[in-house]
Amino acid sequence: MDKSNVPEHIAIIMDGNGRWAKKKHMPRNYGHSQGSKTLERVCEDAYNMGVKYVTVYAFSTENWSRSEEEVNGLMSLLRVYMKDAIKKSKKNNMRVRIIGDITRLAPDLQESIRTLEEASKDYTGLQFQVALNYGGRDEIIRTVKKLSSKVKEGTLSVENITEEMFSDNLDTKGIPDPDLLIRTSAEQRISNFMLWQLSYTELYFPEVLWPDFSKKDLEDAIAYYNKRERRYGGV
Ligand code: FPP
């Protein structure tokens, strides 16, 4: 594949884990655990194809309303992932950042996140973002509050609030907006993911359920992206 035609940043809504598990008469958390394996493979494939940034929706602000068993299962998966990722990020030169409000997560998980972000901050390979307790509206509100406090304390004047400076105060500070969003399982919704950042992003909704998402599916997504005319800015 010609790397010049590859999107620089792919955002992914990993949907369909529950349905995938149900089809196999297995608990939903089995779907999430297979989904996390798929995610590792997709990161590797994407990077090898020339993608520089991958951002995934791992746990939304709305996901707390799922059953206690499912929330606990997802939190355990994330705990294991954050610990393992310290070694894996070093091996793969991968930088990991979390977007979302992590203050609602268990203290040990917050600690692992901080350790991982710090340990991987200079790695120049894949730039990998995990959205955790993330909601696009929540992120925008947190940013508005941050800027309002600066206005109130006199360190920012209202006239200086621009799109660029607003972007610089989002969780994704320093990360270019996604070029391509993939949401698996044929659901055609954004579901409160990266609302500000997806303004000009190409959207792709394959039918495959996330645990089955293959290298071929990723190639198809990139081929779709290449067929689209970029009409409103971007490259
Ligand atoms: C949506 O499928 C998926 C999620 C809410 C969780 C995604 C999390 C992972 C793949 C694993 C954890 C991530 C990391 C970074 C280790 P769904 O449960 O809504 O599926 P359904 O629509 O078929 O019910």
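Our subject in this report is the structure included herewith. (Residues numbered from 1 in each chain as written. Predicted model: local features only at pLDDT ≥ 70, side-chain atom pairs only at ≥ 80, totals over all residues. Heavy atoms only, no water.)

### Re unusual backbone geometry
For residues other than glycine, phi is negative in most cases, and the peptide bonds are mostly trans.
Item 1. Look at asparagine 93: it is not a glycine, yet its phi comes out positive at around 55°.
Item 2. With respect to the secondary-structure elements, asparagine 93 resides in the loop between helix H3 (68-92) and strand E3 (95-99).
Item 3. Of note in the backbone geometry, asparagine 133 takes a positive phi value of approximately 45° without being a glycine.
Item 4. Mapping asparagine 133 onto the fold places it in strand E4 (residues 127-134). (Helix = DSSP H or I, 4+ residues; strand = E, 2+ residues; numbered from the N terminus.)

### Considerations on the nonpolar core
Item 1. Counting 43 residues, the largest nonpolar core has Val54, Met82, Phe128 and Leu132 as its most contacted members.
Item 2. The leading source of residues in this core is H3, at seven residues.
Item 3. Leave out the neighbours within four places in its chain, and valine 54 touches His9, Ile10, Ile12, Cys43, Ala46, Leu126, Gln127, Phe128 and Gln129.
Item 4. Among the nonpolar cores identified, the runner-up in size contains 10 residues, and Ile13, Ile99, Ala131 and Phe193 belong to it. (Core = buried A, V, L, I, M, F, W, Y, C linked by side-chain atoms within 4.5 Å. Buried < 20%, exposed > 50% of the residue type's maximum accessible area, 1.4 Å probe, protein only. Contact = heavy atoms within 4.5 Å.)

### Considering the sheet that holds strand E6 (residues 202-204)
Item 1. Strand order in the open sheet formed by six strands is E3-E4-E2-E1-E5-E6, with parallel pairing between adjacent strands. Two strands in the sheet have a free side with no partner beyond their single neighbour: E3 and E6. Going across the sheet, the axis of each strand differs from the next one's by a mean of 20°, ignoring polarity.
Item 2. Along the sheet, helix H2 (residues 28-49) contacts strand E1 (9-13), strand E2 (53-60) and E4; its crossing angle with E2, the most-contacted strand, is approximately 160°. (Pairing = 2+ DSSP bridges. Axes fitted to C-alpha atoms, helices over the stretch in contact; angles between N-to-C directions.)

### Thoughts on the packing of H2 against helix H7 (residues 215-227)
A pair of packed helices can be characterised by two numbers: the angle between their axes and the separation between those axes.
Item 1. Following both chains from N to C, one finds H2 and H7 inclined at 45°, their axes separated by 10 Å at the closest point. Classed by the angle they form, the pair H2 and H7 counts as oblique. With respect to the hand of their crossing, H2 and H7 are arranged in right-handed fashion. Contact residues: H2 offers Arg41, Val42, Asp45, Ala46 and Met49, while H7 offers Lys215, Leu218, Glu219 and Ile222. (Parallel < 35°, antiparallel > 145°, perpendicular 65-115°, else oblique. Left-handed = near helix turned anticlockwise from the far one by under 90°.)

### Side note on the site of the ligand
Item 1. As a structural note, the neighbourhood of the ligand is formed by 18 residues, with Asp15, Gly18, Arg19, Arg28 and Arg66 the closest of them.
Item 2. A distance of 2.7 Å separates an oxygen atom of the ligand from a polar backbone atom of arginine 19.
Item 3. Between the ligand and the protein, one listed contact pairs an oxygen atom with a side-chain N or O atom of arginine 66 at 2.8 Å.
Item 4. Within the residue set of the shell around the ligand, elements represented by two or more residues are helix H1 (17-23), H2 and H3.
Item 5. Per element, the largest residue contribution to the shell around the ligand is five residues, and it comes from H2. (Near = heavy atom within 4 Å. Polar contact = N/O pair within 3.5 Å; in protein donor to acceptor, adjacent residues only side chain to side chain.)

### Description of helix H4 (residues 107-119)
An α-helix turns once per 3.6 residues; consequently, residues spaced three or four apart project the same way.
Item 1. With 13 residues, H4 should reach 18 Å at 1.5 Å per residue; the first-to-last C-alpha distance of 18 Å fits that figure.
Item 2. Three or more residues of H4 are buried, namely Leu109, Gln110, Ser112, Ile113 and Leu116. Projection of H4 onto a plane perpendicular to its axis shows the buried side chains occupying an angular sector of 160°, all on one side.
Item 3. On its buried face, H4 is in contact with H3, E3 and E4. (Expected span 1.5 Å × (residues − 1). Arc of directions from axis to C-beta.)

### Notes on H3
Item 1. The first and last C-alpha atoms of H3 sit 34 Å apart over 25 residues, in line with the 36 Å expected at 1.5 Å per residue.
Item 2. In H3, a bend of some 40° at alanine 85 exceeds every other bend along the element.
Item 3. All of the buried residues along H3 are Glu70, Val71, Gly73, Leu74, Met75, Leu78, Tyr81, Met82, Ala85 and Ser89.
Item 4. For H3, the secondary structure elements touched by its buried residues are H2, E2, E3, H4 and E4.
Item 5. Looking one or two places after H3, you find asparagine 93, whose phi comes out positive at around 55°. (Bend = angle between axes of the 7 residues up to and from the residue.)

### Describing the packing of aromatic side chains
Item 1. In this structure the tally under the stated criterion is nine aromatic pairs.
Item 2. The rings of Tyr57, Tyr134 and Phe193 are connected pair by pair, giving a single aromatic cluster. (Phe/Tyr/Trp six-rings, centres within 6.5 Å; stacked < 30°, edge-to-face > 60°.)

### Here we look at the side chain of serine 185
Item 1. Summarising the element assignment, serine 185 is placed in the loop between strand E5 (180-183) and E6.
Item 2. What serine 185 contacts, discounting residues up to four positions off in sequence, is Asp15, Gly16, Arg19, Pro206, Glu207, Val208 and Leu209.

### Notes on the pattern of salt bridges
Pairing is possible between side chains that carry opposite charge, provided their charged atoms lie close to one another.
Item 1. Taken as a whole and assessed by the stated rule, the structure comprises 15 salt bridges.
Item 2. Of the charged contacts, one joins glutamate 70 and arginine 66 as a salt bridge, the two residues approaching to 2.9 Å between their closest N and O atoms.
Item 3. Its relative accessible area of 6% is what places glutamate 70 among the buried residues.
Item 4. For arginine 66, a relative accessible area of 34% gives the class partly exposed. (Salt bridge = Lys/Arg side-chain N within 4 Å of Asp/Glu carboxyl O.)

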